[in-house]
Every structure is written in C-alpha cells, then in structure tokens.
Amino acid sequence: MAGPERASSGSAGRLVAIDWLRGFVMMVMAVDHASVMFNAGRTALDSPYPIEAFFVPAWVPGTPLPAAQFFTRWITHLCAPTFLFLSGTSLALSTAGRVARGVSPLAIDRHLVARGLVLIALEVIWLSLGPSMQIGHYFLVFQVLYAIGFSLCAMALLRRLPTPVLIALALGWLAGSELVTLSLASPGTSAHGPVALLLAPGRAGLAAIAYPSVSWLAMMMLGWALGSHLVALRRRGAPASSAAPRCAAAGGAALAVFAVVRAANGYGNMAVLRDDASLIQWLHVSKYPPSLAFSALELGLMALLLAGLLVLEARLAGPPRSRNPFLVLGKAALFFYLLHFPLLAVAASALGIASRGGLAHTWAAAAAVVVAMYPLCLWYERYKAVHPGGVTQYI
C-alpha cells in the first residue's frame, strides 16, 4: 500500500525518510492484520457506524475496552493516514519529475487514473475475492486501496489547484466533515450508496465500504502540499531536511488540536465521545470515518516522526544501507500489502486457530510475516529495477 509514485532525492534517487517511515508503518500494519486473522479478542470499536465488512458493531458508550487489546489496535491507527499522506507526498515529487522530463499533463493524468483504477481492481479482485477471503466477510469490501485509488483519480484534477487552495480545502474538510457526515448518515446505522462510498461506512450495491473516501482524499491533498514544498526546496538547492522544522511545527499544532477537541468532548469526535478521563478514552477516537480528533492525532504523530527521519537522513554519512528492513519494506510496500494478507490467512487456517488465538499469536504472526516478506520484498525491488515498465509500475 505504498505511495503511488517513487519519491526521489538527489543522487540516491529517493527520499529515504519517506521509505523508512512507510516501512515502519507496514510493520505496524502487520500487527493489525495478524490480529484480524488470529485474535479472538480483537477490539475494533473505532466507529459510530457498524462495519459490516468485519461484522463489527458501532461503538456503544460504556462498552469495555480491554487495555492490551485496545493498545494493540490503537498503535496501528497510524498506518492508513500515513499511507494516504505519503502517497500524496510521493505523487507531488514524481509528478514534478515527470514534468521536468517533458511528460505531457494528459499523460500524467492518464497514469494517475490508471494507477487509481488498478488499486481499486486489486481491492476487489485480490483482497475481496482472493485467498485472503478467509477473514470472514461475505461480499466485496472497499478498504484502504479503494481510498487510495479514488484519491489518485481525484488528484488527476485537483493537482492543478494552487497548493494553498489544496491545503485550505483539505483542512476545511477535516474540520467540517462531521457536519456533513452526521447529517447524511445517522450514527448506529449503515450508510448506503454514494454516502457510503464518500462519507460513512456502509453498503453500496454488493460492496461493503469500510473506508469512505473523501476524508482520506483530504489527507492525500495535505501530503501533496508537503511534496510540493520539497520540490521547491530542491529547486533552490536546499536539502530535504529543511522541511523538518515545518513538519515538526505542523505536528505539534495538530496534536494541540487533538487535545482541545478531545477535552471538549463534543464536536470533532464524530459521536465517539469519552466515557471518562482515562488514557484509553482519550485515545479512543473514530477512524471510520476519520474524525477531526483522529486525523489531528495521527497526522500529528506522523509529522513528528517524519521530521525526525528527515533530520536523521541528513545526518547519516553515505548512502543508506540497502538491506535496512524499513527501507526494503518501504520501497516495496504495495507488494508487501498484497502478499501478507494471504500469508496470514493461510497460516491461521493451517494452524487451526483462525480467529481463535490471542495477543501472543497475533504478535508472533506479525513478526513471522514481516520476516517471511523481507526477502521477497528485497527480490521484488531488484526485479522492479530491472523491469521498470509493465505491471511493475503499478505495484
């Protein structure tokens, strides 16, 4: 579930900090998906709407949230916002490179739309109808690849807007989406049709929508803004690490927004309010769809991590180690995403503990799938370097 394009930086050809961060969240993501396959006690009450795809009911105030299960789930909330944001960042960098090489705007648009449609097709054909069907859903499921694919198609048009306008639109939507969403989709019930595709979890025809797309698109737009800033720095001859202070400031501001919204315990929480003042209740925010509290918290944490990694990349002497696991997984993130699902599903079934294990099984399975995928990702990135055209440009 990598960014749609490859980020570049200097002679190394890539902005390594982006790959490091992407690789890190791929590892964290494996924990959540191992929990889906193995963990009988998995806690996923992150929505005021029922998530039909996984038979998860809407959040009901007063429902117990066991600490170990909750935090195992909570740490993985960082993944989807990071995927969408870094997709936007990489998209801006790669688009600037294509423009510099003389690629026409229409050709860039066609590539973006094709890439988006391929991701949506992979969501339907591989993840919904393929070997990972063992997670138990019984119809098509539109998850994060749908959100990224939709967003890429939208960016074919939106990329023409000035960056300040994109930032304003994205922040405006993240701040105001609750007004629209809750007015069109009542909490506690599934949304339907276009409302489910765009705003709140529900059903659209034969598909169950876990990731309604518009709020995730807003995160990609913010990532595009950072990518545009990195392009401007490059044109001035400034290092990418010059963006670190801005990332850190944005991260701190986002966390401040989260603190204010969660303390007020009203608007901005998408109807998932705190039951009390405990840490778990402070961190228990709506992911489906992303509330303002969720978006501010996760994007804030991501921005601080990215700022640190940009500084680290600048301070390391010489090229990055090509076998660094974070770099290897980050460079082949979509390949990892597509294969780790069936590996986990087959392993859970073969061991006879599908959805019947516990947290020990979850963490062991996550570690095992990362170890198993590492050499495959290393091989795939080398293969892709030799065969840059064809299907490899989409995966």
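From a predicted model like this one, the values you see are computed outputs, not experimental measurements.

1. Some points on the layout of surface pockets
A probe matching the size of a water molecule, rolled over the atoms, marks out where space remains unfilled.
Stage number 1. Roughly 620 Å³ of internal volume is contained in the largest pocket.
Stage number 2. Every residue lining the largest pocket is counted, 24 residues in all, and those nearest its centre are Phe85, Leu171, Leu222, Ala250 and Gly251.
Stage number 3. For the lining of the largest pocket, the elements supplying multiple residues, two or more each, are α6 (163-184), α8 (214-235), α9 (244-264) and α11 (292-315).
Stage number 4. The residue makeup of the lining of the largest pocket, split by class, is 18 nonpolar, five polar and one charged.

2. A short note on empty space enclosed by the protein
Stage number 1. If you walk through the whole model with that rule in mind, you get three cavities of 30 Å³ or more.
Stage number 2. Here the largest cavity is characterised by a volume of approximately 290 Å³.
Stage number 3. If you go around the largest cavity, you meet 24 residues; those closest to its centre are Asp32, His33, Gln143, Tyr211 and Tyr288.
Stage number 4. Of the residues that constitute the lining of the largest cavity, the class distribution is 17 nonpolar, three polar and four charged.

3. Comments concerning the nonpolar core
Stage number 1. Residues Leu306, Phe336 and Tyr337 are the most contacted members of the largest nonpolar core, which totals 112 residues.
Stage number 2. Counting residues in each nonpolar core, the second largest holds 12 residues, with Tyr49, Ala196, Ala207 and Ile209 among its members.

4. So, the packing of aromatic side chains
Stage number 1. Under the definition given, this model contains 12 aromatic pairs.
Stage number 2. Considering the side-chain rings of Phe24 and Phe326, the 6.5 Å spacing of their centres and the 45° angle between planes classify their relative orientation as tilted. Taken together, the residues span a long stretch of sequence, with Phe24 in helix α1 (residues 16-38) and Phe326 in helix α12 (residues 325-331) at a distance of 302 residues.
Stage number 3. On the accessibility criterion, Phe24 (33% relative accessible area) is partly exposed.
Stage number 4. Judged by relative accessible area, which is 34%, Phe326 ranks as partly exposed.
Stage number 5. Each residue in the set Tyr211, Trp216, Tyr288 and Phe294 is aromatic and connected to the rest through ring pairs, giving one cluster.

5. With respect to the state of the cysteines
Stage number 1. The final tally for this structure, using the stated rule, is zero disulfides.
Stage number 2. No disulfide involves Cys377; its sulfur sits 15 Å from the nearest other cysteine sulfur, which is in Cys79.
Stage number 3. Given a relative accessible area of 0%, Cys377 falls into the buried group.

6. Examining the sheet that holds strand β1 (residues 140-142)
Stage number 1. In space, the four strands of this open sheet follow the order β1-β4-β3-β2, with mixed pairing throughout. Strand pairing shows two members of the sheet lacking a second neighbour, β1 and β2 (191-192), which therefore form its edges.
Stage number 2. As judged from the two bridges shared by β2 and strand β3 (residues 202-204), these two strands associate in the parallel manner. In the strand pairing of β3, His192 is matched with Arg203.

7. Some remarks on the confidence of the model for the protein
Stage number 1. The predicted model of the protein averages 92 in pLDDT, with 94% of residues at 70 or higher.
Stage number 2. Below pLDDT 50 for its whole length, residues 1-13 participates in 48 contacts with residues either more than four positions away or in separate chains.
Stage number 3. The low-confidence segment residues 134-138 (pLDDT under 50) makes 13 contacts with residues lying over four places distant or belonging to another chain.

8. Things to note about the pattern of salt bridges
Stage number 1. One pass over the structure, following the stated rule, counts seven salt bridges.
Stage number 2. Between Arg42 and Asp32 there is a salt bridge whose closest N-O contact spans 3.1 Å. Note that Arg42 is positioned in the loop between α1 and α2 (67-74) and Asp32 in helix α1, a separation of 10 residues in sequence.
Stage number 3. Judged by relative accessible area, which is 24%, Arg42 ranks as partly exposed.
Stage number 4. Each of Asp32, Arg42, Asp46 and Arg73 takes part in salt bridges that share partners, so that together they form one network.

9. Some details on the packing of helix α13 (residues 333-351) against helix α14 (residues 359-386)
Stage number 1. Contact pair α13 / α14: the axes reach a minimum separation of 10 Å and the direction vectors enclose 135°. In terms of orientation, α13 lies oblique with respect to α14. Crossing angle aside, the handedness with which α13 passes α14 is right-handed. Contacts between α13 and α14 involve Phe335, Phe336, Leu339, His340, Leu343 and Leu344 from the former and Ala365, Val369, Val370, Met373, Leu376, Cys377, Trp379 and Tyr380 from the latter.
Stage number 2. Residue classes in the contact of α13 with α14 are distributed as 13 nonpolar, one polar and no charged.

Rules and cut-offs
- Residues numbered from 1 in each chain as written.
- Predicted model: local features only at pLDDT ≥ 70, side-chain atom pairs only at ≥ 80, totals over all residues.
- Heavy atoms only, no water.
- 1 Å grid on protein atoms, 1.4 Å probe; cavity = no way out; pocket = protein on both sides within 12 Å on 5 of 7 lines; lining within 4 Å.
- Points joined across faces, edges and corners; volume = space filled by probe spheres on them.
- Helix = DSSP H or I, 4+ residues; strand = E, 2+ residues; numbered from the N terminus.
- Nonpolar A, V, L, I, M, F, W, Y, C, P; charged D, E, K, R; others polar.
- Core = buried A, V, L, I, M, F, W, Y, C linked by side-chain atoms within 4.5 Å.
- Buried < 20%, exposed > 50% of the residue type's maximum accessible area, 1.4 Å probe, protein only.
- Phe/Tyr/Trp six-rings, centres within 6.5 Å; stacked < 30°, edge-to-face > 60°.
- Disulfide = S-S within 2.5 Å.
- Pairing = 2+ DSSP bridges.
- pLDDT = per-residue confidence, 0-100.
- Contact = heavy atoms within 4.5 Å.
- Salt bridge = Lys/Arg side-chain N within 4 Å of Asp/Glu carboxyl O.
- Axes fitted to C-alpha atoms, helices over the stretch in contact; angles between N-to-C directions.
- Parallel < 35°, antiparallel > 145°, perpendicular 65-115°, else oblique.
- Left-handed = near helix turned anticlockwise from the far one by under 90°.

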